[in-house]
Amino acid sequence: MPRILSTILLLSILLCIGIATGFAQSRNLTVGLEQNPPICSIDSKGKPVGISVDILQEIAQREGWHLNWQPCLWEQCLEKLANGQMDLLSGIGRTTKREELYNFNAEPVVINWGQLYSSDKSKINTMLDLTGKRIALVPTDLHGAHFQDSLTRFGIKTTLVAVNSYGEGVQAVLEQRADACVVSRIFPLAAKQLDHITKTPIIFNPSQNMYATAKGHHTSVLAAIDRHLTQMKAEKNSFYHQSLERHLGMPESSKLPAWLGWTLSITILLTALIAGNNIICRRKIKTKTAELQQTVQQVRTLSLAVEQSPESIVITDLNGVIEYINPAYCTTSGYDTHEVIGQHSRHLKSDKQPSELYKELWETISIGKIWNGELLNKKKDGTLLLEAITISPICDENGSIIRYMGRKVDITEQRRLEQQQKQSKRLELIGHLAGGVAHEVRNPLNAILSMTEALFREREFQGNEELVPYQHHIRSQVTRLSRLMNDLLDLGRTIPETNIVPLDPLVVCRETISLLQSSNNRSSCRIKFDMNPFATETMIMVDGTRLQQVLLNLLENACQHSAPDSNISLQIFLPTPQTICFQIKDSGAGIPPDNLGRIFEAFYTNRRGGTGLGLAIAKHFSEAMGGTITIFNNDPPPGCTAELRLPLLSTT
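The following refers to the structure shown. Along each chain, residues carry numbers from 1 onward, in the same order as the chain's sequence is written. Residues qualify for local features only when their pLDDT is at least 70, as the model is predicted, and side-chain atom pairs are given and counted only at 80 or more; totals for whole chains, interfaces and linings, by contrast, use all residues. For the side-chain quantities, the full set of heavy atoms in the structure was used; hydrogens and water were omitted.

The helix and strand tally for the protein stands at 18 helices and 23 strands. When accessible area is computed with a 1.4 Å probe and restricted to protein chains, residues below 20% of their type maximum are described as buried, those above 50% as exposed, and intermediate ones as partly exposed. Per-residue burial for the protein yields a buried fraction of 39% across its 652 residues. Between two residues, a contact is recorded if the distance between any of their heavy atoms is within 4.5 Å. Pairs at least 24 residues apart make up 66% of the contacts formed inside the protein by residues separated by at least 6 positions. Carbon and sulfur atoms make up 55% of the accessible area of the protein, which amounts to about 37,500 Å² in all. Where helices and strands are cited, they refer to DSSP runs of H or I of at least four residues and of E of at least two residues respectively, numbered from the N terminus. To be clear on the numbers: accessible area is Shrake-Rupley with a 1.4 Å probe, and residue cover counts the displayed protein chains and nothing else.

Criterion for a disulfide: a pair of cysteine sulfur atoms within 2.5 Å. Enumeration over the complete set of coordinates arrives at one disulfide. A sulfur-sulfur distance of 1.8 Å marks the disulfide that ties Cys72 to Cys77. Torsion about the S-S bond of the Cys72 and Cys77 cystine: about 100°, corresponding to right-handed handedness. Overall, Cys72 belongs to the buried group, its relative accessible area being 10%.

Should DSSP find at least two bridges between two strands, the strands are regarded as paired. Read from one edge of the open sheet, five strands run β13-β12-β16-β15-β14, paired in antiparallel fashion. Edge positions in the sheet fall to β13 (322-325) and β14 (371-378), since each has one partner strand and no second. For this sheet, the mean inter-axis angle between neighbouring strands, taken without regard to orientation, is 30°. Of the strand pairs in this sheet, strand β12 (residues 312-316) and β13 are connected by three bridges, and their pairing is antiparallel. Bridging from a neighbouring strand, Val314 pairs with Ile325 of β13. Each axis is a line fitted through C-alpha atoms, taken for helices only over the stretch in contact, and angles between the N-to-C directions span 0 to 180 degrees. The strands touched by helix α13 (residues 355-366) are β14, β15 (384-395) and β16 (401-410); relative to β14, the strand with the most contacts, the crossing angle is about 140°.

The subject of this paragraph is the nonpolar core. Note on terminology: a nonpolar core comprises buried Ala, Val, Leu, Ile, Met, Phe, Trp, Tyr and Cys residues joined through side-chain atoms within 4.5 Å. Ranked by size, the top nonpolar core spans 43 residues in total, and within it Leu547 and Phe582 carry the most contacts. Setting aside chain neighbours within four positions, we find Leu547 in contact with Val508, Ile540, Val542, Met625, Leu644 and Leu646. By size, the runner-up hydrophobic cluster in this structure holds 28 residues, among which are Trp65, Leu88, Ala224 and Leu244.

Where charged atoms from two side chains of opposite charge come close, those side chains can pair. Each reported salt bridge corresponds to a side-chain nitrogen of Lys or Arg within 4 Å of a carboxyl oxygen of Asp or Glu. Scanning all chains against the criterion turns up 16 salt bridges. Across the pair Arg227 and Glu63 runs a salt bridge whose closest N-O atoms are separated by 2.8 Å. Taken together, the residues span a long stretch of sequence, with Arg227 in helix α8 (residues 219-234) and Glu63 in helix α2 (residues 51-63) at a distance of 164 residues. When its relative accessible area of 47% is taken as the criterion, Arg227 is described as partly exposed. Residue classification places Glu63 among the partly exposed residues on the basis of a relative accessible area of 21%. Across the pair Glu311 and Arg407 runs a salt bridge whose closest N-O atoms are separated by 3.1 Å. One end of the pair, Glu311, is in the loop between α10 (258-307) and β12; the other, Arg407, is in strand β16, with 96 residues separating them in the sequence. Accessibility expressed as a relative area gives 22% for Glu311, which makes it partly exposed. Among the residues examined, Arg407 registers a relative accessible area of 34% and is labelled partly exposed. A single salt-bridge network, built from bridges that share partners, covers Glu374, Arg415 and Glu418.

Structure below.
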């Protein structure tokens, strides 16, 4: 009986072993295979080859597994493994991120790292040499992804050329579509490829090449792989070492080479130093950029202020040669920018002021002080221009003078108005004074004239030809004094608003000419009157009596300064649509240039017997009616021209 039981137990054990063996032999595994020689690939005959292929096939034979190899692109391999569409993937590098998606065996097949190859023309020796280069890599590959992160950390700008395999990357460099490519350090290159592609000193990303399954699947398969792989590594002449010798031509160590450890340590240290320096530099650049932007904005604001300033701004070098002018300078002087730049600042000099003034100016600014004053300059058209000027030195950070800047304001009109106001007050004062003494002077003058006339009517004086000149002299002097008093009174008079009425300028001119020709003091000069057709239908708002007085004074002056039988021209025209001009032109000797600025001053005359009040009164009444009066020598000579301009009556 015991013998029968022992026999039954032995048969049961043998049956279990047979069932287990049959189950193991019937296990089918779908294995992903990427084209990644010499780890794994499909050869020209369609047969799987490579280190991980050899080892897995040896283990499968020992375990009785049936392997179904499924070639795929790397991204497809990873996706199918994660989705459970394949059981096992060979030749995959282990990373922390991938451990979240897949299970890995514990014993690495080989130790690997990334290697950068470049074309023989690129001359790439460091990461910094990659700036602006085209880099071919597999984006989802372990080494490709790590290299992209390194470029980002270094802040190196490159153009990435995405490929599906290391072989495509090498081909992109050979076809000059890329300057460099990322491959694994054991990727085999053909001899003809090595003639045009160079291994650079750039290595990175040490990694362990493993087998992987989907998360939570086929853990017994991974355990079996680790058991056999550990055993084969321990045996010197095992199938593992024979495969390495066949594919790599050298034995493989499960540990990193010492030189690689030192190289990678130095690389990591340099990377950290460069990255840290890069961060510091970026912060400094950011700060400096902000400061520069602020400075640029300040300069732009200052530039706009200078460009848009109503004052003329001019900058010269130390010799006075103009380097910059603003638009206001052009407007005031009449010159364009290209006509002024490079010219000396004296190009506006009028020669109407003493040289000592300019000497004082240069002595002041040359020692770093500011000069303030007024200069009578000359515009492009020759018109005189009075300017209030401030000239200040421009100094560098050491206090040395490098430029001069001038600020100029046109005060010509301001001074004219000031002089006009002073003249008006002076004339008004004279008029008030004349009004106060007129009664006291006129009564004695009338008494003298009456007594003289009565005296010469006495019998003993009648017929005495010797006394006639005295009688005429007394009469003329009394008349002259009486006229002087009338002129003085006119200077103090204003024109009442009720006297300002619409008048036809043609009528006023004809009556004035008629009055001049019928007066006792009429001249032998002929008045030639001409009126522009556009002025025939115009009206002016004036005091007719005062306008006639002004025109009569100007005509008499023209006759008195012209030769007998000369022609005096009186013309009326419209210089602007709002202005009428009465122009009186003679052919006399003209006015000395030095006297032109004083002809409207009260009591100034260069004519014997004149009171010096006629033109002053004419100017006084012209301005009281809203007009202006100017006198200038004819060009070409002879003679001079007087122009009276008055506003036209508005039709609105």
